[in-house]
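# Secondary and tertiary structure notes
Residues per chain are reported as follows:
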Amino acid sequence: MKSNPVYVFAVHAAFVAMSIAALFPFLLLVAASFTDEQAIIEHGYALIPERFSLDAYAYLFSNSVMIMRSYGITAFITVVGTTLGLLITTLIAYPLSRNILPFRSFISFFVFFTLLFQGGLVPFYLVYTDLLHMKDTIWALLLPNLLTNGFFILLMRSFFSLSIPGEVVESAYVDGANELTIYYRIVMPLALPGLATIGLMLLISYWNDWYNGLIFINDGTLFSIQNLLNRMLADVQYLQQNNLSGQAAAATSVPISTVRMAIAVIGVLPLIAAYPFFQKYFVKGLTIGAVKG
Amino acid sequence: MGMKWTTPAKSATILLAAAIGLAACGNAEGEPKSNGGGNQSAPNKTYEVVMTYPAFGDVTDVQAVQDAISAITAEKVGATVKLVPVNGSNYANQLNLMLSGSEKLDLAYTSVWFGFESQVSRGQLLPMDEPLAASGKGILETVPEATAEAGKIKGETYGIPSMKAWALSPSLVMRKDLLDKHGIDTTGLKTWSDADSVLQVIKDKEPGVAPMVSYTAQETPGTAMLYFDPLGTAPGVLEFEGTDYAVEEITATDAFANMAALMKQWFDKGYFNKDIATTQETGSSLIKAGKAFSFIRNINDCYTESVAAGAELVCVPLESSYMTRNSVASNMMSLARNSENPEKAIQVLDLLYTDEAVINLFTNGIEGKHYVKSTDGLIAKPEGVERTGYDSNQYAVGNNFLSYVWTGNAPDIWKQLQALNESAVKSRAMGFSFDINPVKAQIASVTNVQNQYDAGFQTGISDPAELAVYREKLKQAGIEKIVAEKQKQLDEWLDTK
C-alpha cells in the first residue's frame, strides 16, 4: 500500500498540532517560572521571559533541606507503595481470576462494592487515627486510599482471566509446581503488561498525593513533596490576602505567581526525568501482550 | 497441591493486610516520637495540654518553642504543652476531624467563620464558665466583659476571644504618591460620594491606572459601604444605632439602594476596570504593580494595608469604627470535648493572656533565634536571616497586646489599637448567636442567589433598576423566612438579657 503524500502530511500535521497543544502550556509554565514577578503582573505570561529571574526558585530553595527531605519521603512512599500495591492487587486479583476459588463471586462483589460506596471523610479519618493510630506516621502516607483500589483489582482480574490460559497453569500443576510457584514463576511474568499499566497508575497517584499528608500529617519531617509545595503555596497566598502585620512585609515580597509555576516544575520534574525509561519498558510490556493475544 | 485456594490461603492474605495494620500501630506507640513531650508515661505525671490552632508560614521550629513554653508552664501551673499547628488553609476541615474522634485535644482555636456555633451544638466544645471561674482569673480580668459576650452561646461561654484589634473602620484606601503628585486634598472627604472628585482626577491624569479596584473578589468596593451589624453570617442585619431591635433585609434598605446607585455611577464614569466583578487579582497586588489607585475596605489599621501593597497608603475612614460579634469571635480559644483536664487547660490558657514570656514565645518564637530585640524595644528578624524556622503567628491566640511589636509599626501600636477598640461603636447584640438550623435550606438557596447578584450591584455592573428582580429572587429563595427566624431568636435573646 503506497501512502498518499497528502494523507501523510495531514496526519503528521494533526499530530504535530496535538503535540504542540500538549507541550505549549507546559513550556509556558516553565518559562513563567523563570520570569520576573513584576514583569508577569505588568505584561502577562510569555514564552520568552520579559525579564529573566530565578527569584521563585531562590524562594523555594531557601528551604532546600526540607525540600530534599520531602523528595526523599515521596521517593520512599512511591517505591514502597507501588511495590506493595502491586503485590496486594495481584494477590487478590489472581485468585479471583481462577474459577476454583470458593466464594469467588462474593469476594468479587465485596471488592466491587468498595467502588460504589465509601465511608465519607469523618469515618475514614477516625479509622486511621483512632483505630490504627497512624496519624503523623509514614504509614498514613502509604495505606489510606492509595495502596490499591477495587478498580485495579477488577482490571487485573480480567487481565489474568483473559490473557493467561488455564492450560498454562494446569501444565505447571502437572510438573509439580505449587500455587505460590505458579503465581510467582508463571503468572507474574506473563502478566507484565498488566503490571506495567497498574504500576504506572499507582506510581503516579503516590507521586502526586498530597491529600493524605494534608489530613494525617502535621509533623514537618514527614511532608511529601507535593504536600510541602501545596502548603508553601497556601501559606503565601493566605499571608498575601490577610495581613497579619509584623511579618507581612516578608511574605508579600514573595513572587507568588512565579512561585506557583516553579512549584509545578519542581513537582513534575523527577517524574518527567523518569518517564522515558519507564515508558520504554511500558511500551515493550504492552507489545508483548499484544503479540501473545 | 494440598492447599488449593481454600480458607487458609485466603486468610494468609488477610493476615498480611492485618500485619501491616498492626505494624503501623506498633510503630506509632513504640517509637518515641520527637514531639511527644512529657506524656502519660513520664514519671512526674505532669499533664500535657494539647493545643491546636491555624499556623501560617513556616513553623518547623515549633518543637523548640513548645519546649520553652513547657518549661515555664511546668513550673507555674504544673502542666506541659503540646502545640499542634495546622496549616491555615486546611484548618476548618482538620478541626472538625479532630473534634469528631477521640483524639486527645484540650484547647482548640475556634471561629465563627469555622463553624463555632455548630461545634457547640454538636457538643464538641465544653462549657467554660466553671473552669474559668476556678482557674482563669487572669483571662476574665484581661478580656473586657462586653467582648467576652461574643464567645457565649445562650449565656454560656464556649470560646474566649484573642486580644487583638477588633474594631473595623470602613475606609477609602489610596496611594499617597499619586495624591501628592496631583496635589489632592483628602481632608474634605466625609462621605462615600465625596470620593468622586478624587477618582475623577486619577481617571483624567493617570491613564493605565484604575482609579478603584476590589480588595478581593469578596471585598468589592460596595461591600464596606454597607454599614450594618451582620448578626452572624446569615442574612438579616441590624442598625448600629437606635433602640429598636428590628432585623432588616439588607437589600431592602436605603443604604443598599444608594450604594448600588453610586457604584453604577462610578462604573459608568470608568473608575473601575471592566472585569472588576470577576478578577482574582487582589487590590494590594494591583497597587503594587502600579495598576490601581485605591480600594475600599473595612480595615484594622493603615500600616498593614501599606505593607501588603508595598506602597505608602492614605486611609480615610468614612464611617465610624465598629465592633461586632463577627469581628471579635473570629479568633477564639475553646475547650475541646476530649480534654481530660479542663482545669489545667484553662490554667495554661490563662498564661497566654497574662504571661508576657509565654505569649511572646508563642507568637514570636525564641529571642535571639527567631527574632532579635533592638534598643527601642521593637523586634525584627535576626540580621540577614530570611527563614528563621518560626514565622510570627499573631492575632489568633492569647493576649497580643502583651507581645512585642515588630519594627516598622508604631511603637505604641497596641495602645492605639486598644484605644480604637474602646472608642468603636459596639454591636448591641454582641452575645447573640443565630442558630441557622431551622432555616438551613433557605440559607443555602439564598446564598446561591447572592452569589449571582451581589457582586454585580456592589461593583456597579448591574443596573440598580434590576434590584427589584434581585429582591424577588431572594424572596423566592426564602429570605423572609430567614429574617423572621432571626428576629424571633433575637427577641428571645433580648428577653433573657
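Please read these numbers as outputs of a predicted model, since none were measured by experiment.

Attention now goes to the domain arrangement of chain A. Residues and elements named next belong to chain A. One can read the domain layout of chain A as domain 1 (5–43) and domain 2 (55–285). Contact with domain 2 buries surface across domain 1, with Leu-29, Ser-33 and Glu-37 losing the most and accounting together for 59% of the total. The interface formed by domain 1 and domain 2 holds zero salt bridges in total. Counting across the interface, domain 1 meets domain 2 through two residue pairs in polar contact (both at pLDDT 80 or more). Those elements that provide at least two residues to the side of domain 1 that touches domain 2 are helix H1 (5–33) and helix H2 (37–43). The dominant element in the side of domain 1 that touches domain 2, judged by the number of residues it contributes, is H1, at five residues.

Attention now goes to the side chain of Asn-90 of chain B. Of note, Asn-90 of chain B is situated in the loop between strand E2 (79–87) and helix H3 (91–100). Within the structure, Asn-90 of chain B has its side chain in polar contact with the backbone oxygen of Leu-214 of chain A (distance 3.3 Å). Excluding its chain neighbours within four sequence positions, the residues that come into contact with Asn-90 of chain B are Leu-214 and Ile-215 of chain A.

This paragraph deals with the packing of aromatic side chains. For any two aromatic rings, the description comes down to two numbers: the centre-to-centre distance and the angle of the planes. All names here are of chain A. Applying the stated criterion to the full structure yields 32 aromatic pairs over all chains. Relative to Trp-207, the ring of Tyr-71 has its centre 6.5 Å away and its plane inclined at 35°; by these criteria the two rings are tilted. Of this pair, Tyr-71 sits in helix H4 (residues 64–97) while Trp-207 sits in helix H11 (residues 192–208); the two residues are 136 residues apart in sequence, bridging distant segments of the chain. On the basis of relative accessibility, which here comes to 18%, the residue Tyr-71 falls in the buried class. On the basis of relative accessibility, which here comes to 9%, the residue Trp-207 falls in the buried class. An aromatic cluster is defined as three or more aromatic residues linked by ring pairs; in this entry it consists of Phe-124, Tyr-125, Tyr-128 and Phe-216.

Moving on to the sheet that holds strand E9 (residues 294–299) of chain B. Residues and elements named next belong to chain B. Strands sit in the order E9-E8-E10 across an open sheet of three strands; the sheet is antiparallel. At either end of the open sheet lies a strand with only one pairing partner, and these are E9 and strand E10 (313–317). Here the strands of the sheet are splayed against their neighbours by 30° on average, with no regard to which way each runs. Of the strand pairs in this sheet, strand E8 (residues 169–175) and E9 are connected by six bridges, and their pairing is antiparallel. By the bridge assignment, Met-174 is partnered in E9 with Ser-294.

Take the UniProt feature "domain: DUF3502" (unreviewed entry) in chain B next. This chain's UniProt record puts "domain: DUF3502" (unreviewed entry) on residues 429–494 of chain B. Note that residues 429–494 of chain B is 70% helix and 0% strand, and that its end C-alpha atoms are spaced 9 Å apart.

As a further point, take unusual backbone geometry. Residue and element names in this part refer to chain A. Positive phi outside glycine occurs at Phe-103, with the angle close to 55°. Summarising the element assignment, Phe-103 is placed in the loop between H4 and helix H5 (104–116). Although it is not a glycine, His-133 sits at a positive phi angle of roughly 50°. Assignment of secondary structure puts His-133 in the loop between helix H6 (121–131) and helix H7 (139–142).

Right, let's talk about the side chain of Thr-90 of chain A for a bit. Positionally, Thr-90 of chain A belongs in helix H4. At 2.7 Å, the side chain of Thr-90 of chain A forms a polar contact with the side chain of Tyr-183 of chain A.

Right, let's talk about the state of the cysteines for a bit. Residues and elements named next belong to chain B. This model, assessed by the stated rule, comprises one disulfide over all chains. For Cys-302, the disulfide goes to Cys-315, at an S-S distance of 1.9 Å. Its torsion about the S-S bond being 85°, the disulfide of Cys-302 and Cys-315 is classed as right-handed. Here Cys-302, found in helix H12 (residues 302–309), pairs with Cys-315, found in strand E10; they are 13 residues apart in sequence, far enough to count as distant.

Applying the stated rule across the entire model yields 17 salt bridges over all chains. Among the ionic pairs, Arg-51 of chain A bridges to Asp-36 of chain A, the shortest N-O distance being 3.4 Å. One end of the pair, Arg-51 of chain A, is in the loop between H2 and helix H3 (55–61); the other, Asp-36 of chain A, is in the loop between H1 and H2, with 15 residues separating them in the sequence. By relative accessible area, Arg-51 of chain A is classed as partly exposed at 37%. Linking Lys-104 of chain B and Asp-106 of chain B is a salt bridge whose minimum nitrogen-to-oxygen distance equals 3.0 Å.

Rules used in this analysis
- Residues numbered from 1 in each chain as written.
- Chains lettered and ligands numbered in written order.
- Predicted model: local features only at pLDDT ≥ 70, side-chain atom pairs only at ≥ 80, totals over all residues.
- Heavy atoms only, no water.
- Domains from an automatic or database assignment.
- Buried area = accessible area lost by both parts, 1.4 Å probe.
- Salt bridge = Lys/Arg side-chain N within 4 Å of Asp/Glu carboxyl O.
- Polar contact = N/O pair within 3.5 Å; in protein donor to acceptor, adjacent residues only side chain to side chain.
- Helix = DSSP H or I, 4+ residues; strand = E, 2+ residues; numbered from the N terminus.
- Contact = heavy atoms within 4.5 Å.
- Phe/Tyr/Trp six-rings, centres within 6.5 Å; stacked < 30°, edge-to-face > 60°.
- Buried < 20%, exposed > 50% of the residue type's maximum accessible area, 1.4 Å probe, protein only.
- Pairing = 2+ DSSP bridges.
- Axes fitted to C-alpha atoms, helices over the stretch in contact; angles between N-to-C directions.
- UniProt positions renumbered as here; feature names shortened; annotations may be inferred.
- Disulfide = S-S within 2.5 Å.

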